[in-house]
Amino acid sequence: MLRASESIPASPSALSPNATLKQRITQIYHQPLPDLLFEAQRVHREHHNPHAVQLCTLCNIKTGACPEDCGYCSQSAHHKTDLKPEPLLNLDAVMTEARAAKASGATRFCMGAAWRDVKDGNQFEQVLEMVRQVAALEMEVCCTLGMLKPHQAKRLKAAGLTAYNHNLDTSPHYYEHIVSTRTYRDRLETIRAVSDAGISVCCGGILGMGESVQDRLDFLEALCGLNPPPESIPINCLVPVPGTPLQDAPPVEPIELVRMIATTRILFPVAMVRLSAGRLTMSDELQALCLLAGANSIFTGPKLLTTPNPESSHDEQLLQKLGMIPKPLQG
Ligand code: SAM
Ligand code: DTB
Ligand code: SF4
């Protein structure tokens with residue numbers, strides 16, 4: 001039992017007011033786990049319903065043959081994976097998936113395309129129509145289509161896009177070990193175009209690509225540099241895909257994932273923190289810890305973009321066991 005003479009362990013606020021952001025992030029991440037989780041839960045409960053988890057569904061509207069060489073990705077033309085490239089899906093197919101996603105409780109529909117960047121023209125016009133029609137279902141609508149120019153971001157906004165996903169993925173330093181066909185600066189420019197157009201920014205990263213813990217903290221520091229801060233932060237664990245350079249990467253240490261989620265929650269109190277790729281190989285207990293550490297969204301449905309994901313029935317059981325509920329759409 002704690003005696004009156006014993007002090008409560010140091011909390012992040014004990015850090016000197018002159019500490020740099022890097023020092024603050026390091027101190028938050030490395031503090032004893034009970035203190036880290038306590039702080040993350042306090043912040044989470046201040047801004048979110050601690051019982052509610054937003055369900056999102058992904059739809060890969062254009063598969064494979066991507067000219068970028070992202071080392072983690074099944075869809076890069078630079079890697080020999082088993083994936084069969086597919087052209088842009090037609091509007092009906094996308095809407096069928098969007099309606100099914102809504103019927104299964106998802107409130108956000110995210111369309112991904114294996115493009116390096118968006119080209120003006122017929123295909124972009126088709127995507128704009130998809131955005132209009134998904135928005136009309138009264139779902140949040142998100143796209144991840146690669147690099148965007150400011151005028152394209154404005155058109156997506158006008159079509160009703162809620163959010164654009166464009167990940168920084170890892171630290172500025174480690175990025176060039178993972179992708180050589182584009183730079184961190186390219187990523188930042190697209191993110192600028194998205195926020196300047198008034199679209200909410202969804203920006204996160206991937207753990208388990210051979211990066212150090214310091215790289216992960218430097219990635220969080222880079223996220224803190226975004227202005228405005230991202231409203232949505234997907235934290236992915238690498239799904240190792242045979243044929244990619246990262247096919248043999250070892251899995252992320254589970255408590256390191258929990259620490260990353262909690263640190264993200266503390267640094268971004270109002271953001272949605274999404275426990276994204278990699279859940280299929282996580283135990284229910286690990287997912288529960290992530291939800292207790294401040295994650296408040298998951299992707300549901302048996303497939304992410306190209307890799308498998310837990311069945312919806314499993315996720316329903318998990319939420320039920322935890323006494324948690326799918327988050328309703330805010331009016
Ligand atoms: N082409 C677009 C782009 O790269 O911005 C959008 C699609 S891309 C597949 C979306 C995000 O999925 C990537 O930024 C990356 O963070 C994540 N991702 C891709 N492959 C992954 C994998 N094997 N494991 C975990 N996350 C992955
Ligand atoms: C994000 O950060 N994770 C989602 C979403 N944004 C688009 C995608 C995960 C993809 C996992 C690998 C795949 O299925 O190909
Ligand atoms: Fe292409 Fe996106 Fe995959 Fe990179 S992550 S190879 S840009 S689809």
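Look a little higher up for the structure.
Thresholds applied
- Residues numbered from 1 in each chain as written.
- Chains lettered and ligands numbered in written order.
- Predicted model: local features only at pLDDT ≥ 70, side-chain atom pairs only at ≥ 80, totals over all residues.
- Heavy atoms only, no water.
- Helix = DSSP H or I, 4+ residues; strand = E, 2+ residues; numbered from the N terminus.
- Rg over C-alpha atoms; globule rule 2.2 N^0.38 Å.
- Buried < 20%, exposed > 50% of the residue type's maximum accessible area, 1.4 Å probe, protein only.
- Contact = heavy atoms within 4.5 Å.
- Near = heavy atom within 4 Å.
- Polar contact = N/O pair within 3.5 Å; in protein donor to acceptor, adjacent residues only side chain to side chain.
- Areas by Shrake-Rupley, 256 points an atom, 1.4 Å probe, with all protein chains shown as cover.
- Nonpolar A, V, L, I, M, F, W, Y, C, P; charged D, E, K, R; others polar.
- Axes fitted to C-alpha atoms, helices over the stretch in contact; angles between N-to-C directions.
- Core = buried A, V, L, I, M, F, W, Y, C linked by side-chain atoms within 4.5 Å.

Visitor: Lay out the overall build of the protein chain with the relevant residues and their values.
Guide: Secondary structure summary: the protein chain contains 11 helices and 10 strands in total. The C-alpha radius of gyration of the protein chain comes to 20 Å, within 12% of the 20 Å expected for a compact globule of 331 residues. With the principal axes as the frame, the protein chain shows a C-alpha extent of 70 × 40 × 40 Å. Evaluated residue by residue, the protein chain yields a buried proportion of 53% over its 331 residues. Sequence-distant contacts in the protein chain: of pairs separated by 6 or more residues, those separated by 24 or more amount to 75%.

Visitor: Outline the site of ligand 2, supporting the account with residue identities and numerical values.
Guide: In the vicinity of ligand 2, the contacting residues are Leu58, Ser74, Thr144, Asn165, Asn167, Pro234, Asn236, Ala277, Leu304, Leu305, Thr306 and Thr307. The contact in question runs from a nitrogen atom of ligand 2 to an N or O atom on the side chain of asparagine 165, over 3.2 Å. Contact with the protein chains hides 87% of the accessible area of ligand 2, taken as 410 Å² for the molecule alone. A class-by-class count of the residues in the shell around ligand 2 yields 5 nonpolar, 7 polar and no charged.

Visitor: Outline the site of ligand 1, listing residues and values.
Guide: Lining the immediate surroundings of ligand 1 are 16 residues, of which Tyr72, Thr144, Asn167, Asp169 and Val239 lie closest. Contact between ligand 1 and alanine 113: a nitrogen atom at 3.3 Å from a main-chain N or O atom of the residue. Side-chain polar atom of arginine 187 to an oxygen atom of ligand 1: 3.1 Å apart, as the coordinates give it. Taken together, the residues of the shell around ligand 1 sort by class into 9 nonpolar, 5 polar and 2 charged.

Visitor: Summarise the environment of lysine 119; cite the residues concerned and give the values.
Guide: Here lysine 119 is to be found in the loop between strand E2 (108-113) and helix H4 (122-136). With 125 residues separating them in the primary sequence, lysine 119 and threonine 244 have C-alpha atoms 26 Å apart. Once you skip the residues sitting within four places of it in the chain, lysine 119 turns out to touch Phe124 and Gln152. Looking at lysine 119, its side chain comes within polar contact range of the side chain of aspartate 117, at 2.5 Å.

Visitor: So, the packing of H4 against helix H5 (residues 150-159): which residues are in play, and what are the values?
Guide: Axis separation between H4 and H5 bottoms out at 8 Å; the angle between their running directions is 30°. When H4 is examined against H5, the residues Phe124, Glu125, Leu128, Val131 and Arg132 are found in contact with a partner set consisting of Gln152, Arg155, Leu156 and Ala159. Residues of the contact of H4 with H5, tallied by class, amount to 5 nonpolar, 1 polar and 3 charged.

Visitor: Account for the nonpolar core, naming residues and giving values.
Guide: One finds Ile61, Met111, Leu145, Leu156, Tyr164 and Leu257 to be the most contacted residues of the largest nonpolar core, which totals 90 residues. Tallying contributions element by element places helix H9 (residues 254-267) first for this core, with 7 residues. If sequence neighbours within four positions are ignored, methionine 111 has contacts with Cys59, Ile61, Val94, Met130, Val131, Val134, Val141, Cys142, Cys143, Thr144 and Leu145.

Visitor: Lay out the side chain of threonine 144 in plain terms, naming residues and giving numbers.
Guide: As for its position among the elements, threonine 144 is in strand E3 (residues 140-144). Note on threonine 144: relative accessible area 17%, which makes it buried. A polar atom in the side chain of threonine 144 sits 2.9 Å from the backbone oxygen of asparagine 165. Ignoring any residue separated from it by four or fewer positions in sequence, one finds threonine 144 in contact with Cys110, Met111, Gly112, Ala113, Tyr164 and Asn165.

Visitor: So what's going on with the side chain of glutamine 287? Which residues, and what values?
Guide: If you trace the backbone, glutamine 287 turns up in helix H10 (residues 284-292). When its relative accessible area of 3% is taken as the criterion, glutamine 287 is described as buried. A distance of 2.8 Å separates polar atoms of two side chains, one belonging to glutamine 287 and the other to arginine 279. Other than its neighbours up to four places away in sequence, glutamine 287 contacts Leu275, Arg279, Met282 and Leu318.

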